[in-house]
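Structural description and commentary
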Amino acid sequence: MLTPWTLQSIPGLYRVGNPQFSDSRGTFNKILAMQPEDQVPFLCDQVYWSQSRQGVARGMHLQLPPHDGRKLVFVTSGRIQDFVIDLRMGSPTFHNVWSDELTPASMGVFIPAGCAHGFVTLEGEACVVYIQEGDHHVDTDAGVNMSELDLGCDMNTLTFSERDRALPLLGEFTSPFIFDQ
């Protein structure tokens, strides 16, 4: 059995337990089950999903204040390499990158506000679901360019949106986020 909340190398970043139940019909997954004793209360305001073919890179995205919020990300099909960058000034892991593989059988990722998120589809087609706090606002939609990350593959073979190619490099991003323990 997976631990419901497992803190990762970036403060506030958790792998979230994804218990899967199987029988002759297939599988059933419990994506999120908050308990009163959980340290990370979470309110769902928006749910999105993306379908991406192999070699597609999406990210690194986040919302700026006052519309910033946390998100839970998990994969319902396929396999991705997931990335999170800490953009919170004063954080002990400021500008650090966390990365791990996500599949339907693995745990999801709970991402704190002030951290940018992105991924690369590793094989086939992947469906990624995002459960987010707060509303999406175009005027506070932001991110950093993935080109500086070690993605474990040739950047020239990946498919990026024009928007993601135009995002600022990490060193050019002026962060409005302050780390709050």
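In what follows, the accompanying structure is described.

Thresholds applied
Residues numbered from 1 in each chain as written. Predicted model: local features only at pLDDT ≥ 70, side-chain atom pairs only at ≥ 80, totals over all residues. Heavy atoms only, no water. Helix = DSSP H or I, 4+ residues; strand = E, 2+ residues; numbered from the N terminus. Rg over C-alpha atoms; globule rule 2.2 N^0.38 Å. Buried < 20%, exposed > 50% of the residue type's maximum accessible area, 1.4 Å probe, protein only. Contact = heavy atoms within 4.5 Å. Areas by Shrake-Rupley, 256 points an atom, 1.4 Å probe, with all protein chains shown as cover. Salt bridge = Lys/Arg side-chain N within 4 Å of Asp/Glu carboxyl O. Polar contact = N/O pair within 3.5 Å; in protein donor to acceptor, adjacent residues only side chain to side chain. Core = buried A, V, L, I, M, F, W, Y, C linked by side-chain atoms within 4.5 Å.

1. Some words on the overall build of the protein
- When helices and strands are tallied, the protein shows one helix and eleven strands.
- The order of helices and strands in the protein, counted from the N terminus, is β-β-β-β-β-β-β-β-β-β-β-α.
- Computed over C-alpha atoms, the radius of gyration of the protein comes to 16 Å, within 12% of the 16 Å expected from 2.2 N^0.38 for 181 residues, which places it in the range of a compact globule.
- Expressed along its principal axes, the backbone C-alpha trace of the protein runs to roughly 50 × 40 × 30 Å.
- Here the protein holds 181 residues, and the buried ones make up 45% of them.
- Residue pairs at least 24 apart in sequence account for 78% of intrachain contacts in the protein once pairs closer than 6 positions are excluded.
- For the protein, the exposed area adds up to about 9,500 Å²; of that, 52% sits on carbon and sulfur atoms.

2. Quick notes on the pattern of salt bridges
- Applying the stated criterion across every chain, the model contains eight salt bridges.
- Between R70 and E133 there is a salt bridge whose closest N-O contact spans 2.7 Å. Here the residue R70 occupies a position in the loop between β6 (57-63) and β7 (71-86), and E133 occupies one in the loop between β10 (115-132) and β11 (141-143), the gap between them amounting to 63 residues.
- Residue R70 is classed as partly exposed on the basis of its relative accessible area, which comes to 22%.
- The closest approach of N and O atoms between R163 and D164, which form a salt bridge, is 3.6 Å.
- Judged by relative accessible area, R163 falls into the partly exposed class, the value being 35%.

3. Observations concerning the environment of Y48
- Within the secondary structure, Y48 is located in strand β5 (residues 46-53).
- In this structure the C-alpha to C-alpha distance between Y48 and Q132, which are 84 residues apart in sequence, comes to 8.2 Å.
- Leave out the neighbours within four places in its chain, and Y48 touches V128, V129, Y130, Q132 and H136.
- A distance of 2.6 Å separates the side chain of Y48 from the side chain of Q46, its partner in a polar contact.

4. Section: the environment of Q46
- Looking at the element boundaries, Q46 is found in strand β5.
- Sequence separation between Q46 and F179 is 133 residues, and the spatial gap between their C-alpha atoms is 24 Å.
- The contacts of Q46, once residues within four sequence positions are left out, are Y130, I131, Q132, G134, D135 and H136.
- One polar contact links Q46 to D135, side chain to side chain, over a distance of 2.8 Å.

5. A look at unusual backbone geometry
- Residue G59 is joined to M60 through a cis peptide bond whose omega torsion reads 5°.
- Along the polypeptide, M60 turns up in strand β6.
- A cis amide bond links P65 with the next residue in sequence, P66, at an omega value of 10°.
- Assignment of secondary structure puts P66 in the loop between β6 and β7.
- For H95, which is not glycine, the phi torsion reads 70° and is therefore positive.
- Here H95 shows up in the loop between β7 and β8 (97-102).
- On the accessibility criterion, H95 (30% relative accessible area) is partly exposed.

6. Things to note about the nonpolar core
- Ranked by internal contacts, the top residues of the largest apolar core, which has 18 residues, are M60, L87 and M146.
- Listed by contribution, the elements that provide at least two residues to this core are β6, β7 and β10.
- Among all residues touching M146, those that are not within four sequence positions of it are A57, R58, G59, M60, F83, G118, F119, V120, L151, M155 and F160.
- Residues L13, I80, V109 and I111 belong to the second largest nonpolar core, which totals 15 residues.

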